[in-house]
Amino acid sequence: MTGPGLRVPTTADAGRWFELFDDAEVMRFIGAGEIRDREYYAGLVQRQRDLAESTGLCLFSVVVDDEVAGFAGIHPWSHPWGPTGSLEAGWRLGRRFWGRGLATAAARAAVELARARGVPQLVSVVQQGNEASAGVARKLGMAVARQHRSPEGASVDEFELLLD
Ligand SMILES: CC(C)(COP(=O)(O)OP(=O)(O)OC[C@H]1O[C@@H](n2cnc3c(N)ncnc32)[C@H](O)[C@@H]1OP(=O)(O)O)[C@@H](O)C(=O)NCCC(=O)NCCS
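Conventions and cut-offs
- Residues numbered from 1 in each chain as written.
- Predicted model: local features only at pLDDT ≥ 70, side-chain atom pairs only at ≥ 80, totals over all residues.
- Heavy atoms only, no water.
- Core = buried A, V, L, I, M, F, W, Y, C linked by side-chain atoms within 4.5 Å.
- Buried < 20%, exposed > 50% of the residue type's maximum accessible area, 1.4 Å probe, protein only.
- Helix = DSSP H or I, 4+ residues; strand = E, 2+ residues; numbered from the N terminus.
- Near = heavy atom within 4 Å.
- Polar contact = N/O pair within 3.5 Å; in protein donor to acceptor, adjacent residues only side chain to side chain.
- Areas by Shrake-Rupley, 256 points an atom, 1.4 Å probe, with all protein chains shown as cover.
- Contact = heavy atoms within 4.5 Å.
- Salt bridge = Lys/Arg side-chain N within 4 Å of Asp/Glu carboxyl O.
- Axes fitted to C-alpha atoms, helices over the stretch in contact; angles between N-to-C directions.
- Parallel < 35°, antiparallel > 145°, perpendicular 65-115°, else oblique.
- Left-handed = near helix turned anticlockwise from the far one by under 90°.
- Nonpolar A, V, L, I, M, F, W, Y, C, P; charged D, E, K, R; others polar.
- Pairing = 2+ DSSP bridges.

(A) Up close: the nonpolar core. Counting 42 residues, the largest nonpolar core has Trp17, Phe21, Tyr41, Trp91, Leu122 and Met142 as the members making the most contacts within it. Broken down by element, the residue count for this core peaks at 7 residues, all from helix H4 (residues 102-116). With 5 residues, the next largest nonpolar core counts Trp77, Trp81, Val125 and Val156 among its residues.

(B) Region of interest: the site of the ligand. Residues in close proximity to the ligand total 20 residues, the closest being Leu93, Gly99, Gly101, Thr104 and Lys139. Residue tryptophan 98 places a side-chain N or O atom 3.1 Å away from an oxygen atom belonging to the ligand. Note that an oxygen atom of the ligand is positioned 2.7 Å from one of the backbone N or O atoms of glycine 99. Against a free-state accessible area of 940 Å², the protein chains account for coverage of 68% of the ligand. For the shell around the ligand, the elements supplying multiple residues, two or more each, are strand E4 (87-93), H4 and helix H5 (131-139). Ranked by residues supplied to the shell around the ligand, first place goes to H5 with 6 residues.

(C) Geometry of the environment of phenylalanine 97. Here phenylalanine 97 is to be found in the loop between E4 and H4. Note: C-alpha distance between phenylalanine 97 and alanine 69 (28 residues apart in sequence) is 6.5 Å. Not counting residues up to four positions away in its chain, the partners in contact with phenylalanine 97 are Arg16, Leu20, Glu67, Val68, Ala69 and Leu102.

(D) Quick peek at the pattern of salt bridges. Applying the stated criterion to the full structure yields 9 salt bridges. The salt bridge involving arginine 7 is made with aspartate 13; its shortest N-O contact spans 2.7 Å. Judged by its relative accessible area of 33%, arginine 7 falls in the partly exposed class. We note a salt bridge from glutamate 158 to arginine 146, for which the minimum N-O separation is 3.0 Å. Here glutamate 158, found in strand E7 (residues 155-162), pairs with arginine 146, found in strand E6 (residues 143-149); they are 12 residues apart in sequence, far enough to count as distant. Look at glutamate 158 and you get buried, because its relative accessible area is 2%.

(E) Structural context of the packing of helix H1 (residues 13-21) against helix H3 (residues 38-55). At a minimum axis distance of 8 Å, the contact between H1 and H3 shows a crossing angle of 130 degrees. The angle between H1 and H3 falls in the class oblique. Handedness of the H1/H3 crossing: right-handed. Contact with H1, carried on its side by Asp13, Ala14, Gly15, Trp17, Phe18, Glu19 and Phe21, involves Arg38, Tyr41, Ala42, Leu44, Val45 and Gln48 of H3 and no other residues of that element. Residues belonging to the contact of H1 with H3 are distributed by class as follows: 8 nonpolar, 2 polar and 3 charged.

(F) Just the pairing of E4, in detail. E4 sits mainly inside the fold: 6 of its 7 residues count as buried. Alignment of strand E3 (residues 67-76) against E4, held across 7 bridges, turns out to be antiparallel. Considered in E4, the bridge of proline 76 is made with leucine 87.

In structure tokens form, the structure reads like this:
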């Protein structure tokens, strides 16, 4: 197996993201855990394509052995609560891709792209109990800077990474 690659998601990747994330285990620690439909991922992918065009950064498709495994990348935190105005590093893989170091490797590549573009600081917002995601954040060198309560009532850690 080669390491994961990152690419700007194609419009066709939206269907792949939907299929990978049509899984309650994958969505367990995201918002209230609701499963999103195909239209949601079509919109999400289009927003990433627009972001990549204007900033060079987005939630990229993670490609493993020519297969899309999920996404990892950098996007503006888009909620009215939490680290409004910050750039967030995010990651989400289909379940059969977990436990192989892929999210950490993919997120590391995205962080390096952000660093190369002069981004000074990244955050990552992780619900408490999501040990796999907290593990990725820690392996990137992130540390918990603040805590929040999400609108769904979850306790959430805001990890932070200062880039130089
Ligand atoms: C979070 C996620 C992307 C991690 O993907 P992954 O490729 O399995 O992560 P990695 O293999 O890079 O593992 C990261 C670290 O966390 C650890 N870890 C992984 N799963 C764990 C678990 N269930 N409990 C405790 N630690 C865990 C790993 O062991 C690894 O540390 P190590 O190398 O020191 O052992 C994946 O679990 C996922 O897609 N989850 C659902 C979506 C999600 O919650 N996204 C994040 C929202 S904030």
